[in-house]
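Coordinate analysis (summary)
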Amino acid sequence: MSEETLSNLSREERRFAPPEALAAEANVTADWYDKAAEDRVAFWAEQAGRLHWDQPWDRVLDWDDPPFAKWFVGGKLNASVNCVDRHVDAGRGDKVAFHWVGEPEDDARSITYAELKDEVCKAANALTELGVRTGDRVAIYMPMIPETVVTMLACARLGAPHTVVFGGFSADALASRIVDCEAHVVVTADGGYRRGAPSALKPAVDEAVAKSGDVVRKVLVVRRTGQDLGDAGWDDTRDVWWHDAVDSASAEHTPESFDSEHPLYVMYTSGTTGKPKGILHTTGGYLVGSAYTHWGIFDLKPETDVYWCTADIGWVTGHSYMVYGPLANGTTSVMYEGTPDSPHKGRWWEIIEKYGVTLFYTAPTAIRTFMKWGSDIPAKFDLSSLRLLGSVGEPINPEAYIWYRETIGAGQTPVVDTWWQTETGAIMISPLPGVTHGKPGSAMKAIPGVAADVVDDEGKPVPNGSGGFLVLTEPWPSMLRTLWGDDERFKDTYWSRFRSQGYYFAGDGAKKDDDGDIWLLGRVDDVMNVSGHRLSTTEIESALVSHPKVAEAAVVGAADEMTGQAVCAFVILRDEVVGDGGDNADIVAELRTHVAKEIGAIAKPRQIMIVPELPKTRSGKIMRRLLKDVAEDRQVGDVTTLADSTVMDLISSNLQGGK
Ligand code: WT7
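Sequence positions are assigned chain by chain, starting from 1 and proceeding in written order. Where totals are concerned, whole chains, interfaces and linings use all residues; where local detail is concerned, this predicted model gives features only for residues with pLDDT of at least 70, and gives and counts side-chain atom pairs only at 80 or more.

Looking at an unreviewed UniProt entry, the protein chain carries the name Acetyl-coenzyme A synthetase, with the source organism given as Nocardioides mesophilus. Listed in UniProt under the heading Cofactor (unreviewed entry), the comment for the protein chain reads: "Mg(2+)". UniProt positions are given in the numbering used here, feature names are shortened, and annotations may be inferred rather than shown by experiment. Looking at the protein chain in UniProt, the text filed under Sequence similarities (unreviewed entry) is "Belongs to the ATP-dependent AMP-binding enzyme family."

So, in structure tokens, the structure goes:
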């Protein structure tokens with residue numbers, strides 16, 4: 001974040017007290033901070049009481065072999081029973097679990113807990129029939145339809161860890177994930193709807209399966225769009241329609257109890273190298289963390305609230321705050337298939353009005369987009385049901401926070417800015433809606449039960465008013481357990497930076513203000529955050545270099561008003577291409593398409609600059625800081641450590657010439 005933004009942030013002095021009515025009835029009160037800090041382990045044991053355990057644990061936390069944690073050791077439970085069966089057993093089967101809203105306007109249905117239970121049991125039976133056994137991995141590549149939730153819960157019911165791959169990822173990205181965790185079964189759909197038109201998914205699965213050697217044995221396919229799959233689009237020995245396999249399966253399924261540490265899912269996320277990391281979450285601790293935070297930070301009143309999280313299920317937010325947290329708490333949620341502008345730019349607000357949404361959770365990039373579209377659009381709808389607004393994915397700038405609070409929240413609805421990561425499994429830093437005086441732009445402090453700090457290079461806490469690295473100083477139940485198949489990388493990535501202190505290094509820069517509240521300042525590693533999506537500079541660089549016309553590439557995340565950061569690439573072409581007199585504009589277009597094919601459309605560079613050289617230090621390290629200056633249209637900084645200090649001039653003049 002630039003110096004200017006930093007000083008703007010520290011000038012931000014608006015404060016918002018919690019609404020009195022909310023504070024009076026708040027689920028979590030101020031005394032929880034002390035209560036949790038006095039005996040953190042006992043606090044988490046108390047939170048674990050939110051779940052149904054088939055067998056109680058003998059030990060809350062085993063931290064004998066850090067950084068490998070075990071929580072609720074000896075306890076046994078089934079995640080799908082906790083999310084579904086126990087609500088039905090308690091007589092709440094008629095309660096709506098999801099108001100599902102399809103993209104086509106007349107396509108919507110409400111699913112009760114009893115119906116969800118039947119569907120999950122049928123899918124569990126069908127998956128068993130397809131050969132899925134406890135411990136097997138199942139890949140899920142789906143649009144935002146109820147069957148996606150059903151499949152996740154069916155996997156959880158069988159103790160078969162799922163790995164959901166965002167539907168916007170390419171066939172290559174899907175294949176690498178399938179291979180990395182050896183998923184023998186893939187669940188997908190023929191396609192999904194995207195701005196009114198069907199958009200195919202199955203062909204990407206076919207391509208991914210072909211690229212995965214003989215790993216994949218069965219593909220279970222939901223018919224969503226009914227689009228033509230073509231002659232080559234169906235393999236009778238491998239592909240099975242959902243309506244054939246699941247609809248006819250029995251709705252009776254006896255769940256097994258699994259160890260608290262049984263793997264629940266693997267979620268791939270970008271790291272600082274080209275290879276995505278498979279974040280492993282296990283059953284008991286993860287479910288405790290997601291249920292407690294969903295209940296506490298959203299002040300959930302399950303009897304009356306209608307909750308809507310707009311994330312895609314393909315990201316961790318969709319896992320913790322659309323599926324596991326809300327369902328464990330018996331929540332009624334909205335699930336929406338489409339985009340915010342289809343068929344009109346007021347669709348989200350229309351949905352809030354129609355279903356009386358009370359708790360709403362979205363991302364700053366969406367809020368900034370709505371700001372651009374204009375306040376008159378939400379003004380046409382009745383948003384008075386809202387009583388809490390959440391934000392996640394990237395720092396929310398004060399302007400967007402204020403707009404969110406004023407325009408969507410009628411100037412009185414509290415905003416909770418929640419900081420967490422795929423790795424943390426659940427929210428770690430956030431205001432408490434009934435307690436905290438909110439500051440626009442600050443995620444405030446670690447929630448009760450969590451211990452965070454901002455430290456300097458040596459791992460010493462920085463004084464108030466200073467910046468440093470964000471760390472988590474104590475283990476927490478929903479922490480990642482390892483990286484799938486790679487304990488060493490797990491230790492290296494998160495636990496080596498502050499090894500002597502035993503701190504978890506989050507990879508984010510942060511600052512403590514004069515009150516000691518935390519302001520997140522973005523990543524300090526080679527990870528970019530584009531529209532709240534995590535992308536690795538190295539991964540995009542390798543995608544570019546894999547193109548035959550590219551000799552070398554460097555990628556930086558440049559500040560972008562809408563998306564937070566945007567991908568900017570600097571590319572050196574191979575000599576034979578430079579010489580052939582071709583048009584750079586064509587090559588740039590070709591390279592953007594190539595990145596989309598290798599990784600997914602979200603990774604497409606906003607800008608690709610063809611350059612003759614890249615700035616490197618004497619040891620050959622690319623100085624991305626200087627490239628960032630160019631991408632952000634700033635005066636180029638200190639070039640004295642460059643091996644050849646004229647390179648930046650060469651780049652600048654070359655770009656000017658090309659404009
Ligand atoms: C990274 C984690 C957590 C679900 C969505 C993203 C950034 C996330 C905030 C926030 C500032 C935030 C951080 C973090 N981030 N929430 N409220 N304020 N930054 O999950 O893909 O694992 O990305 O997103 O940089 O490290 P993710």
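What follows deals with the overall build of the protein chain. Helix and strand content of the protein chain: 22 helices and 30 strands. C-alpha atoms define the radius of gyration, and 2.2 Å times the number of residues to the power 0.38 defines the globule rule. Over its C-alpha trace the protein chain gives a radius of gyration of 25 Å, about what one expects of a compact globule, namely 26 Å for 659 residues. Over its C-alpha atoms, taken along the principal directions, the protein chain stretches across nearly 75 × 65 × 55 Å. Around each residue's C-beta, the other C-beta atoms within 10 Å are counted; 20 or more make the residue buried, 12 or fewer make it exposed, and counts in between make it partly exposed. All C-beta atoms are placed from the backbone. Going through the 659 residues of the protein chain one by one, you find that 53% of them count as buried. Here the contact rule is simple: place C-beta atoms from the backbone, and any two residues whose C-beta atoms are within 7 Å are in contact. Within the protein chain, residue pairs in contact and separated by at least 24 positions form 70% of the contacts whose partners lie at least 6 positions apart. Strands are runs of DSSP state E lasting at least two residues, helices are runs of H or I lasting at least four, and both sets are numbered from the N terminus onward.

Take the sheet that holds strand S17 (residues 332–336) next. Pairing between two strands is assigned when DSSP locates at least 2 bridges connecting them. Spatially, the seven strands line up as an open sheet ordered S5-S4-S17-S16-S18-S19-S20, and their pairing is mixed. On the outer flanks of this sheet lie strand S5 (108–112) and strand S20 (415–418), each paired with one strand and no other. For this sheet the average axis-to-axis angle between neighbouring strands, irrespective of direction, equals 20°. As paired elements, strand S4 (residues 96–101) and S17 share four bridges and run parallel to each other. Across the sheet, residue Val101 finds its bridge partner in S17, namely Tyr336. Helix axes are fitted to C-alpha atoms over the stretch in contact, other axes to C-alpha atoms as well, and angles between N-to-C directions run from 0 to 180 degrees. Packed on one face of the sheet, helix H12 (residues 316–328) meets S4, strand S16 (306–309), S17, strand S18 (359–362) and strand S19 (388–392) and runs near 160° to S16.

Near the ligand, the surroundings consist of 22 residues, among which Pro395, Gln421, Thr422, Leu520 and Arg534 are the closest. Breaking the shell around the ligand down by element, the ones donating at least two residues are H12, S20, strand S24 (504–512) and strand S25 (518–523). Looking at which element gives the most residues to the shell around the ligand, the answer is S24, with three residues. Amino acids outside the nonpolar list (Ala, Val, Leu, Ile, Met, Phe, Trp, Tyr, Cys, Pro) and the charged list (Asp, Glu, Lys, Arg) are all regarded as polar, and Gly is one of them. Within the shell around the ligand, the residues separate by chemical class into eight nonpolar, nine polar and five charged. Any residue whose C-beta atom, as placed from the backbone, lies within 6 Å of a molecule or strand is termed near it.

By the secondary structure assignment, Ser391 is in strand S19. By C-beta crowding, Ser391 is classed as buried, having 25 other C-beta atoms within 10 Å. Distance in space between the C-alpha atoms of Ser391 and Ile367 is 9.0 Å, their sequence separation being 24 residues. Not counting chain neighbours up to four residues away, the residues in contact with Ser391 comprise Thr362, Ala363, Pro364, Ile396, Val415, Asp417 and Thr418.

Here the focus is the nonpolar core. Counting 197 residues, the largest nonpolar core has Leu174, Val186 and Val571 as its most contacted members. Apart from the residues lying within four places of it in its own chain, the contact partners of Leu174 are Tyr141, Val165, Phe169, Ala204, Val205 and Ala208. By definition, a nonpolar core groups buried Ala, Val, Leu, Ile, Met, Phe, Trp, Tyr and Cys residues that connect through C-beta atoms lying within 7 Å of each other.

Bridge analysis of strand S9 (residues 191–194) against strand S10 (residues 197–200) gives four bridges, and the strand direction is antiparallel. Residue pairing for S10: Arg194 is matched across the bridge by Ala197. The hairpin formed by S9 and S10 contains two residues between the paired strands, and Arg195 there has a positive phi angle of roughly 50°.

Moving on to the UniProt feature "binding site: ATP" (unreviewed entry) in the protein chain. Those residues carrying the UniProt feature "binding site: ATP" (unreviewed entry) are Gly393, Glu394, Pro395, Asp417, Thr418, Trp419, Trp420, Gln421, Thr422, Asp508, Arg523 and Arg534 in this numbering. Within the fold, Glu394 resides in the loop between S19 and helix H16 (398–408). Judged by the 23 C-beta atoms lying within 10 Å of it, Glu394 is buried. Not counting residues within four places of it along the chain, the set of residues in contact with Glu394 comprises Pro364, Asn529, Gly532 and Gly564. In this fold, Trp419 is placed in the loop between S20 and strand S21 (452–455).

A few words now on helix H20 (residues 584–598). What a helix is expected to span follows from its residue count: subtract one and scale by 1.5 Å. End to end, H20 covers 21 Å across 15 residues, agreeing with the expected 21 Å (1.5 Å per residue, within 8%). For H20, the set of buried residues is Leu591, Arg592 and Val595. Within H20, the buried residues cover an arc of 100° as seen down the axis, which keeps them to one side. Those residues of H20 that are exposed and angled more than 90 degrees off the buried face are Asp586 and Ala589. Summarising the contacts, the buried residues of H20 are in contact with helix H18 (537–545), strand S29 (564–573) and strand S30 (607–610). Just past H20, the residue Gly600 takes up positive phi, approximately 155°. Each C-beta atom gives one direction from the helix axis, and the arc is the one those directions make.

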